[in-house]
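Here are the chains, one letter per residue:
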Amino acid sequence: MAHESNAAIYTAAGANLAIAAAKFFGAIFTGSSAMLAEGVHSLVDTANQILLLVGLKRAKRRADARHPYGYGREIYFYAFIVALFIFLGGGAFAIYEGIHKIHYPEAPADAVIGGRTVPGIWVNLAILGFALAAESYSCLVAMRAFWAEKGGRSPITAIRRSKDPALFTVLVEDVAALLGLIVAFAGVVLAHVLDAPALDGWASIGIGLILVGMAAFLMIETHGLLVGEAADPELVSDIHAAMHAEPGVCAVNAVLTQHLGPADILVNVSLDMDDSLRADEIEAMVSRLETGLKQRHPTVTRIFIEVQSRQQALAMPA
């Protein structure tokens with residue numbers, strides 16, 4: 001899924017940079033608070049995509065003496081920073097700007113382009129239309145990549161189970177951007193039709209609340225990955241089945257898994273083996289189990305198998 005993640009990130013970064021420039025253009029010429037909030041939002045999203053690319057690159061570094069299990073969790077750290085950026089740089093700023101506009105409402109100013117005066121409302125609507133088209137394409141690319149990963153699961157379940165924060169972060173950002181554009185569009189139109197500039201400020205607050213909500217959701221998801229999450233239950237069940245099916249294994253005491261990266265799973269297994277087995281037979285069994293498991297699940301990169309009696313395993317503190 002690394003290729004799909006990178007494609008979605010590059011597409012989102014390019015779209016957001018163009019959208020940010022257009023929105024700032026509209027905000028400068030018309031004074032729209034919602035447009036300014038949306039411009040900052042798109043600029044923050046562009047910075048976030050760059051951070052995700054940095055995280056993906058750093059996560060690929062080889063293991064060394066200082067980090068013997070590699071740097072796979074780098075992407076989790078950068079994804080958490082992205083969530084903070086959305087919360088502070090996008091959500092908090094939009095809410096602040098909206099409150100300011102409500103207290104000091106101003107009608108959108110007309111823009112002078114090429115010596116001709118263009119009503120501010122049409123400038124804002126044109127830019128929002130362009131942004132909606134570009135953001136929809138970016139969201140479509142991210143959605144296709146996400147759909148390829150989620151399989152038969154529901155979208156929410158797939159996000160909760162996903163170990164690739166780069167992919168679902170871009171998707172959540174794009175969805176938040178589309179919702180923000182709808183709110184901005186409604187605010188700009190209603191402020192003009194009802195001659196109530198304060199509604200532009202309320203639209204900015206609405207955008208901020210959407211971003212704060214999305215940021216909180218991403219923080220919760222990436223926090224779990226950063227601390228360390230187990231592999232999917234299906235994979236854990238398959239490990240149990242493979243161990244039980246091996247002749248000479250009397251009991252599977254424990255199967256402990258942890259994601260060290262989106263495609264980097266650590267597996268620790270405690271087995272109670274037949275006491276009549278010789279040392280060379282146990283070595284051959286362990287090698288066979290490791291090889292078979294890695295062939296079935298390429299994301300399993302490290303396997304540690306401990307030989308331990310059932311009674312000893314039960315006696316150990318949890």
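Since we're looking at a predicted model, the values are computed, not measured.

Enquirer: Help me understand the overall build of the chain, please; the structure alone is not making it clear to me.
Expert: In terms of helices and strands, the chain carries 10 helices and five strands. Rg of the C-alpha trace for the chain: 26 Å, well past the compact-globule value of 20 Å for 318 residues, more than 25% over. When its C-alpha atoms are laid out on the principal axes, the chain stretches across 90 × 40 × 35 Å. Long-range pairs, those at least 24 residues apart, make up 74% of the contacts in the chain with a sequence separation of at least 6. Accessible area of the chain: about 15400 Å², with a carbon and sulfur share of 65%. Separation between the mean location of the 22 positive side-chain charges and that of the 30 negative ones in the chain comes to 4 Å.

Enquirer: Sorry, what's going on with the sheet that holds strand β5 (residues 300-307) here?
Expert: One key point about sheets: their strands pair by backbone hydrogen bonds, in either a parallel or an antiparallel sense. Strand order in the open sheet formed by three strands is β3-β4-β5, and the pairing between neighbours is mixed. Edge positions in the open sheet fall to β3 (249-261) and β5, since each of these has one partner strand only. Each neighbouring strand pair of the sheet contributes to a mean axis angle of 15 degrees, computed without reference to strand direction. Relative to β5, strand β4 (residues 264-273) is paired through seven bridges, and the arrangement is parallel. When the bridges of β5 are listed, V267 appears paired with I303. Packed on one face of the sheet, helix α8 (residues 233-245) meets β3, β4 and β5 and runs near 150 degrees to β3.

Enquirer: I tried to follow unusual backbone geometry on my own but got confused; where do I start?
Expert: Most of the time, phi is negative for any residue but glycine, and the peptide bond is trans. Positive phi, close to 55 degrees, is recorded for D195, a residue that is not glycine. Assignment of secondary structure puts D195 in the loop between α6 (165-193) and α7 (198-227). The class for D195 is exposed, based on a relative accessible area of 62%.

Enquirer: Would you explain the nonpolar core in this entry?
Expert: One recurring pattern in soluble globular proteins is that nonpolar side chains are buried together. Within the largest apolar cluster, 54 residues are counted, with the highest numbers of intra-cluster contacts made by I9, L52, I75 and V170. Aside from chain neighbours lying at most four places away, what touches I75 is L52, G55, L56, A59, P165, A166 and P262. V236, I239, V255 and I265 belong to the second largest nonpolar core, which has 20 residues in total.

Enquirer: What is the right way to look at the packing of aromatic side chains in this model?
Expert: The geometry of an aromatic ring pair comes down to the distance between the two centres and the angle between the two planes. Enumeration according to the criterion identifies one aromatic pair in this entry. Ring centres 5.3 Å apart and planes at 85 degrees place the aromatic pair F77 and Y78 in the edge-to-face group. Its end group placed over the ring of Y71, R61 keeps NZ or CZ at 3.8 Å from the ring centre.

Enquirer: What's the story with the pairing of β4 in this structure? I'm lost.
Expert: Taken residue by residue, a regular strand's side chains alternate between the two faces of the sheet. Burial within β4 is extensive, with nine of its 10 residues counted as buried. Both β3 and β4 contribute to a ladder of 10 bridges, which runs antiparallel. From the neighbouring strand, A254 faces β4, where its bridge partner is S270. Count of turn residues in the β3/β4 antiparallel hairpin: two residues. You can see the chain leave β4, run along helix α9 (residues 279-296) and come back into β5, and the turn it takes is right-handed.

Enquirer: Would you mind showing me how to read the pattern of salt bridges here?
Expert: When the charged atoms of two side chains lie near each other, side chains of opposite charge can form a pair. Within this structure, the stated rule accounts for nine salt bridges. The partner of K163 in a salt bridge is E229, and the shortest N-O contact between them spans 2.7 Å. Separated by 66 residues along the polypeptide, K163 in the loop between α5 (155-161) and α6 and E229 in the loop between α7 and α8 bring together distant segments of the chain. Taken as a pair, K163 and E229 share a single burial class, namely buried. Across the pair R278 and E281 runs a salt bridge whose closest N-O atoms are separated by 3.3 Å. For E281, a relative accessible area of 30% translates into the label partly exposed. Taken together, the shared-partner salt bridges in this structure form one network comprising R58, R61 and E74.

Enquirer: In this structure, what is going on with the environment of A37? I would like to understand it.
Expert: One can find A37 in helix α2 (residues 33-59). For A37, a relative accessible area of 1% puts it in the buried group. Separated by 143 residues in the primary sequence, A37 and G180 have C-alpha atoms spaced 9.5 Å apart. Leave out the neighbours within four places in its chain, and A37 touches F93, A94 and S204.

Enquirer: I would appreciate a short explanation of the environment of A284 in the present structure.
Expert: Following the sequence through the fold, A284 ends up in helix α9. For the pair formed by A284 and V188, sequence separation is 96 residues and the distance between their alpha carbons is 71 Å.

Enquirer: I tried to follow the packing of α2 against α7 on my own but got confused; where do I start?
Expert: Axis angle and axis distance: for two packed helices, these are the angle between their axes and the distance between the axes, and together they describe the pair. At a minimum axis separation of 7 Å, α2 and α7 run at an interaxial angle of 25 degrees. Taken together, the axis directions place α2 and α7 in an arrangement best described as roughly parallel. For the pair α2 and α7, the contacting residues are S33, A34, A37, E38 and H41 in the first and D200, A203, S204, I207 and L211 in the second.

Enquirer: Just to check I follow, could you spell out the environment of A166 for this structure?
Expert: Positionally, A166 belongs in helix α6. What makes A166 buried here is its relative accessible area of 0%. A C-alpha to C-alpha distance of 13 Å links A166 and V141, two positions 25 residues apart in sequence.

The rules behind these values
Within each chain, residues carry numbers counting from 1 in the order of the written sequence. Confidence filtering applies because this is a predicted model: local features only for residues at pLDDT of at least 70, side-chain atom pairs given and counted only at 80 or more, and all residues used for totals across whole chains, interfaces and linings. In computing side-chain properties, one takes all heavy atoms of the structure into account and sets aside hydrogens as well as water. The numbering of helices and of strands both runs from the N terminus, where a helix is a DSSP run of H or I of at least 4 residues and a strand a run of E of at least 2. It is over C-alpha atoms that the radius of gyration is taken, and the globule rule equals 2.2 Å times the number of residues to the power 0.38. Any two residues whose heavy atoms approach within 4.5 Å at even a single point are treated as in contact. Each accessible area value is a Shrake-Rupley result obtained with a 1.4 Å probe; residue values ignore everything except the protein chains displayed when judging cover. Asp and Glu are treated as the negative residues and Lys and Arg as the positive ones, with His and the ends of the chain left uncounted. The atom standing in for a charge is NZ when the residue is Lys, CZ when it is Arg, CG when it is Asp and CD when it is Glu. Only strands that DSSP links by at least two bridges are regarded as paired with each other. In this analysis, axes come from line fits to C-alpha atoms, helices being fitted only over the stretch in contact, and the angle between any two N-to-C directions falls in the range 0 to 180 degrees. For every residue, the accessible area (1.4 Å probe, protein chains only) is compared with the maximum for its type, and the residue is labelled buried under 20%, exposed over 50%, or partly exposed between those bounds. Working definition of a nonpolar core: buried Ala, Val, Leu, Ile, Met, Phe, Trp, Tyr and Cys residues. They are joined through side-chain atoms within 4.5 Å. Any two rings among Phe, Tyr and Trp, with Trp reduced to its six-membered ring, count as a pair given centres within 6.5 Å; such a pair is stacked if its planes are under 30 degrees apart, edge-to-face if over 60, and tilted if neither. Only lysine NZ and arginine CZ atoms are considered, and such an atom sits over a ring when it is within 6 Å of the ring centre and within 35 degrees of the ring normal. Convention used here: a crossover is right-handed provided that the path from the first strand, over the helix, to the second strand proceeds clockwise when the strands point away from the viewer. Salt bridges are defined as contacts in which a side-chain nitrogen from Lys or Arg sits within 4 Å of a carboxyl oxygen from Asp or Glu. Roughly parallel refers to an angle under 35 degrees, roughly antiparallel to one over 145, roughly perpendicular to one between 65 and 115, and oblique to any angle outside these ranges.

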